[in-house]
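Breakdown of the fold
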Amino acid sequence: MNPHEHFMQLALEEARIASQQGEVPIGAVLVREGVVIARAHNRVEQLRNPAAHAELLLIQEATAATQQKWLHECALYVTLEPCPMCAGAMLLARIPQLYFGAFDAKAGAAGTLFCLTADPRLNHQVETWGGICANQSIALLQQFFREQRGTA
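In what follows, the accompanying structure is described. Please read these numbers as outputs of a predicted model, since none were measured by experiment. (Residues numbered from 1 in each chain as written. Predicted model: local features only at pLDDT ≥ 70, side-chain atom pairs only at ≥ 80, totals over all residues. Heavy atoms only, no water.)

1. Examining helix α1 (residues 3–20)
Its 18 residues give α1 an end-to-end C-alpha distance of 26 Å, which sits within 8% of 26 Å, the value for a rise of 1.5 Å per residue. Buried within α1 we find F7, M8, Q9, L10, A11, L12, E14, A15 and A18. At its buried positions, α1 is contacted by β1 (27–32), β2 (35–41), β3 (74–80), β4 (97–102) and α5 (134–149). Two to three positions downstream of the cap, the backbone nitrogen of H4 sits 2.8 Å from a side-chain oxygen, assigning the N-cap of α1 to N2. Backbone geometry just downstream of α1 places G22 in the positive-phi region, at approximately 80 degrees. (Helix = DSSP H or I, 4+ residues; strand = E, 2+ residues; numbered from the N terminus. Expected span 1.5 Å × (residues − 1). Buried < 20%, exposed > 50% of the residue type's maximum accessible area, 1.4 Å probe, protein only. Contact = heavy atoms within 4.5 Å. Polar contact = N/O pair within 3.5 Å; in protein donor to acceptor, adjacent residues only side chain to side chain.)

2. What to know about the pattern of salt bridges
One pass over the full model with this rule turns up three salt bridges. Between R39 and E13 there is a salt bridge, and its shortest N-O distance comes to 3.1 Å. One end of the pair, R39, is in strand β2; the other, E13, is in helix α1, with 26 residues separating them in the sequence. On the basis of relative accessible area, R39 is assigned to the partly exposed category, the value being 29%. (Salt bridge = Lys/Arg side-chain N within 4 Å of Asp/Glu carboxyl O.)

Printed below as a string of structure tokens:
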């Protein structure tokens, strides 16, 4: 297993935790120099906060742990292509690399609907790779929504 698949598997573990807690199964890990420095999963329902996406919680955890506002030399792994809010947070945190699983046709802001992460008009860009362990990410999301609709 290559390192990107390894870290995506850790993000998928977080997504599974989210699903078990009744959250949309999205998980994320932040890696610096090959070491995971933060992990998070969606907690929108639990916190009753529409901004409690895995990526935002992850960035908050990492900046608190490192006592730094910039997350240079980090790579963010997330199971679903980030939405505009999360892509914006990555830009503000100066995260240089993003790896995601499934593409998001409804809200993807890292290349699908928008390309915030690579917009040259902004003062920072995030190198982005999608489709890593995508089938596993898609399967988790599909199973979750089937269960929510009662068709599982």
